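Architecture at a glance
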Amino acid sequence: MNSGVSASFMSSLAKANVNIRVIAQGSSERQVAVVVAGEDTSRALRAAHMAFTLSQTTCSVVILGGTGKLGSALIRQLNAQKESLKKNLNLGVCVSAIASRKKMIMGESSGLCLSTSADVDEMLRGEKAKDLDMEALTAMLE
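This write-up is about the structure you can find in this document. (Residues numbered from 1 in each chain as written. Predicted model: local features only at pLDDT ≥ 70, side-chain atom pairs only at ≥ 80, totals over all residues. Heavy atoms only, no water.)

1. Comments concerning the overall build of the protein
From N to C terminus, the protein includes five helices and six strands. Residues classed as buried in the protein amount to 27% of the 142 residues present. For the protein, contacts bridging at least 24 residues in sequence account for 54% of all contacts bridging at least 6. Of the roughly 9600 Å² of accessible surface on the protein, a fraction of 52% belongs to carbon and sulfur atoms. (Helix = DSSP H or I, 4+ residues; strand = E, 2+ residues; numbered from the N terminus. Buried < 20%, exposed > 50% of the residue type's maximum accessible area, 1.4 Å probe, protein only. Contact = heavy atoms within 4.5 Å. Areas by Shrake-Rupley, 256 points an atom, 1.4 Å probe, with all protein chains shown as cover.)

Here it is as structure tokens:
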């Protein structure tokens, strides 16, 4: 592993806010292993894959004001461009939360995308909608 690749690997983990507990160099310069906390493993793997373009990059989108004209237009545009973004740029778009002034709906777990083909107003009136909680929304984004 040359210093450029090693630096890219370590830098990607640092940017993802992953604490490296142990670094081990193997007999070859291509063998580098790290140990991270269990709760950081998914984030570390995604960061390493994105740094070396080993997997599709996913853009997580949170739409505040999703019931207005701009929010609704953004959702329609995202839906219309999803396949093109995936095919041409290897970019996945995940709408992970939509909020109005009073209500919000979030994906049930980290990385779960909401179905944005449904009517947003109807989703925010549905049983999965919760009262707007900016702390919970911020925690989901971190």
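2. Points about the pattern of salt bridges
Tallied over the full model, the rule gives two salt bridges. The closest approach of N and O atoms between Arg-43 and Asp-40, which form a salt bridge, is 2.6 Å. You can call Arg-43 partly exposed: its relative accessible area is 28%. As a salt-bridge pair, Asp-131 and Lys-103 come within 3.0 Å of each other at their nearest N and O atoms. With Asp-131 in strand β6 (residues 130-131) and Lys-103 in strand β5 (residues 103-106), this pair connects stretches of sequence that are 28 residues apart. (Salt bridge = Lys/Arg side-chain N within 4 Å of Asp/Glu carboxyl O.)

3. What about the side chain of Ser-12?
With respect to the helices, strands and loops of the structure, Ser-12 is situated in helix α1 (residues 3-15). Overall, the relative accessible area of 10% leaves Ser-12 in the buried class. Residue contacts for Ser-12: discarding those within four places in its chain leaves Ala-47, Ala-48 and Ala-51.

4. Re the pairing of β5
In terms of strand pairing, strand β4 (residues 91-99) meets β5 through three bridges, oriented antiparallel. Opposite Ala-99, over in β5, you have Met-104 as the bridge partner. What sits between β4 and β5 in their antiparallel hairpin is a turn of three residues. The pairing of β5 with β6 spans two bridges and is antiparallel. In the strand pairing of β6, Met-104 is matched with Lys-130. (Pairing = 2+ DSSP bridges.)

5. Considering the environment of Phe-52
For Phe-52, the location among the structural elements is in the loop between α2 (41-51) and β3 (57-64). Distance in space between the C-alpha atoms of Phe-52 and Phe-9 is 8.1 Å, their sequence separation being 43 residues.

6. Overview of the side chain of Asp-40
Mapped onto the elements, Asp-40 comes out in the loop between β2 (32-36) and α2. In this view, Asp-40 contacts Val-18 and Asn-19; residues no more than four positions away in its chain are not counted.

7. Comments concerning the environment of Ile-105
Residue placement: Ile-105 occurs in strand β5. Sequence-wise, Ile-105 and Met-123 are 18 residues apart; in three dimensions their C-alpha atoms are separated by 7.5 Å.

8. Let's talk about the nonpolar core
Across soluble globular proteins, nonpolar side chains have a tendency to be buried as a group. Counting twelve residues, the largest nonpolar core is built from Val-61, Ile-63, Ile-75, Leu-78, Leu-85, Val-93, Val-95, Ile-98, Ile-105, Val-120, Met-123 and Leu-124. Secondary structure elements with two or more residues in this core: β3, α3 (69-89), β4 and α4 (120-125). (Core = buried A, V, L, I, M, F, W, Y, C linked by side-chain atoms within 4.5 Å.)

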